[in-house]
Amino acid sequence: MMVRSGCLPGLTSTCVYNFTISEHGTMALQCGDCPTNLTHCSNVGCIQAGGMVRVSSVVNQQIPGPGIQVCLGDLVVVNVHNGFMSKVATIHWHGLHQTQTPHMDGVPFLTQCPIQPHTDFTYKFVADTPGTHMWHSHIGFEESDGLFGPLVVRRPLTSDPSSPHYDYDLAEHYMIVWHWYSQPSSQHLTTALHRNGSVYGAGLIINGKGGLENFGAGWKETYSKMPRETFTISKVGAGILRILRKGKRYRFRLAFNSAVYCPVQMSIDQHKLTVIASESASFQPVEVSSLMINGGERYDVVVKGDQIPGNYWIRFRALGDCYKDHIKVHQEAVLHYQETEEGLPLAGTAYEDGRITTGKVLNPMQVSVTNYTEDSIILVSDLNNTDFDQEVDVSGEPDHVEYLYFDFNSFVRDLSCVCGIVEALWGTVGQYAHKMDIRYRNVTEDNLVAPGPYPQINNKLFGYPSFPLLTQREHVTPDLFCRSNTTGSPHCSDKYCKCPYVIDLPLDSLVEIVLIDISIIRDQDHPFHLHGYSFHVVAMGTVGENVTLDYIRDLNEKGKIPKKLNNAPIKDTVSVPTRGYAILRFVTSNPGYWFFHCHISNHVEMGMALVMKVGDHEDMLEEPEDFPTCGSWQRKADSGDEKCSTHAYVCRSRAACKSSLITSNARLRRSPKTLQIVQNPDVPTE
Ligand SMILES: [Cu+2]
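Residues numbered from 1 in each chain as written. Predicted model: local features only at pLDDT ≥ 70, side-chain atom pairs only at ≥ 80, totals over all residues. Heavy atoms only, no water.

We now examine the sheet that holds strand 28 (residues 502–505). Spatial strand order, 28-36-35-30-33: five strands in an open sheet with mixed pairing. Each having just a single partner strand, strand 28 and strand 33 (573–575) make up the two edges of the open sheet. In this sheet, adjacent strand axes meet at a mean angle of 20° when their direction is disregarded. (Pairing = 2+ DSSP bridges. Helix = DSSP H or I, 4+ residues; strand = E, 2+ residues; numbered from the N terminus. Axes fitted to C-alpha atoms, helices over the stretch in contact; angles between N-to-C directions.)

With eight of eight residues buried, strand 29 (residues 510–517) is to be regarded as a mostly interior element. Burial along strand 29 is two-sided: the face carrying Leu510, Glu512, Val514 and Ile516 and the face carrying Val511, Ile513, Leu515 and Asp517 are both buried. By the bridge criterion, seven bridges tie strand 29 to strand 34 (residues 580–587) in an arrangement that is antiparallel. Residue pairing for strand 34: Val511 is matched across the bridge by Phe586. (Buried < 20%, exposed > 50% of the residue type's maximum accessible area, 1.4 Å probe, protein only.)

Here the structure, examined in full by the defined rule, presents 29 salt bridges. Lys324 is the salt-bridge partner of Asp321, the closest N and O atoms lying 3.5 Å from each other. What makes Asp321 buried here is its relative accessible area of 11%. Owing to a relative accessible area of 24%, Lys324 belongs among the partly exposed residues under this scheme. Close ionic contact of Glu512 with Arg585 constitutes a salt bridge, the shortest N to O distance being 2.8 Å. Of the two residues, Glu512 is situated in strand 29 and Arg585 in strand 34; the sequence distance between them amounts to 73 residues. Comparing Glu512 with Arg585, the two get one shared label, buried. A network of salt bridges, in which partner residues are shared, links Arg154, Arg155, Asp160, Asp169, Arg251, Arg253, Asp300 and Asp387. (Salt bridge = Lys/Arg side-chain N within 4 Å of Asp/Glu carboxyl O.)

On to the coordination of the copper ion, then. Put simply, a metal with four donors set out as a tetrahedron has ideal angles of 109.5 degrees, and one with six donors set out as an octahedron has ideal angles of 90 or 180 degrees. On the protein side, the copper ion has His526 (ND1), Cys598 (SG) and His603 (ND1) as donor atoms, found 2.0 to 2.1 Å from it. All donors of the copper ion belong to a single chain; written as a sequence motif, their spacing is H-x71-C-x4-H. Of the two residues, His526 sits in the loop between strand 29 and strand 30 (527–530) while His603 sits in helix 5 (residues 601–606), which places them 77 residues apart along the sequence. His603 matches His526 in its accessibility class, with the two residues each being buried. (Donors = N, O, S within 2.8 Å, 3.2 Å for Na, K, Ca; no water.)

Written out as structure tokens, the structure is:
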């Protein structure tokens, strides 16, 4: 890990990193006798990641990948070599706004072409957003399978509003918590989707460490054998703090992502958590017993070394799809006081041992279906921003309000009408209009068109265009996008298909986004992440089973939703309460095509996403002239329905017939690879 520390005002650096992407086996030969010999687990090149043998996607043969920890304003250069045999990749710098380099945002077919196997791509951007971030691949399940790493942008202490609340901000106190399967993620998730099966979580790794339990799936149990990650603090501090005996407050930076819906509750035995910041911005500190974190979110937590020196569990108790039936996913790391021997705490590590029954919890999940006492929870919208450099005036009347509601939908054939019966009898899919079962009713194997259910926004599934919208914007045509108010088959509102769902936002406008969760089949708080921006979370609430788009819109239009229009917390990822709403406001100062999506890998891959097009094409910054391009290659004359056509030459005379055969043979000779007889229109036929 290359770390820049001691950030000073007006002093920036250029930091160059070399990333080689590849597939790599976990628990490979480099791991020696790990875990029988625990020191072997730390061998260079040993990827522990759960302690089971599987293939993973990695950068520089590490999970997590190399850490990038720089200062605000530094120029970051990352030379990426795609060493995959057959997979493409991009790297997204999650949390950075890319205000000067939108083409460096790393989203395939929005800001760049995917990096092809065996080729290189250089990311070069200014670290323009302070805070705790992460980098990850933005294609398929690559990030779920190991292609991720730490990203921290520090500020000079004089411009960090949180600086009075901690004494140490150490590079090694970054904890990146990742959901982990014993096999490649798609092996679980794609098969579950296609069999309409239930999705479940399996395990967590912390900075790549920790074993997995066997929940009856026939895996090897490694949970009790693999080493845990250890974070070291001191009770008395060092230097002047040792003399004054008053320091010892450590800033931990926590980041999390999951392939499935598995938010995590984090706590530390016998220690309070003082949460001071999230993502890019600081807020008035809140002291809590535990913190819940959802996919894509980051929180900064100050831990005071004020207990008897020893070893204490840092607990990560997973919820949602990681807590059902007999599956109870959890993981632990160790908080170690350097005044004592390193070792594992004696306290139990059962899932139930991590349950917090007293004290406050920040960012509570599934409020509408969980028995929290009212005074025990602190919602994100309750936080008070103190990062005034980043605060934007969002108090006025919005120029643009966008309502986005989400639900799980399945696609079924309409067997109630003649066309449905005909379709069912003929067994054809896709030629007749399909009806979406909006509330997941009456889904059977007879009427199911596509397995699911799919998480959708405004009844649409996002599909990528065939070229990057930002950097090949000259190819954008008016009919390319599906939009909020478009209906009918071409826009995928009434059949199973995916389309590039784009909403237009005028530049330099105050925008209000109203996110509404109307799902009744799943109790999930979807974590929505916006690229290119941070936003103020001005309202958040739970309604219950009666929540609908119309109900929330009506309340909002009548001004009946209380909003915090000053000092609202600043985030780039917000966990939307299940059967409830979250309202975001921001000013559209950064033109471009910006992705907005649920950060649960499985959901975004299924299409729970859209693009915010901010400004017009002429407002968007130019990419370098030699920036790579890509797209489909399809000749209009050859496209259309699948068929085999037989062409018979009927000759008027022997001479004409001979001539047509010669023409065909000549073409065959000239293009032997195609082996396709092209009928010559000049040949007379009857
Ligand atoms: Cu989601």
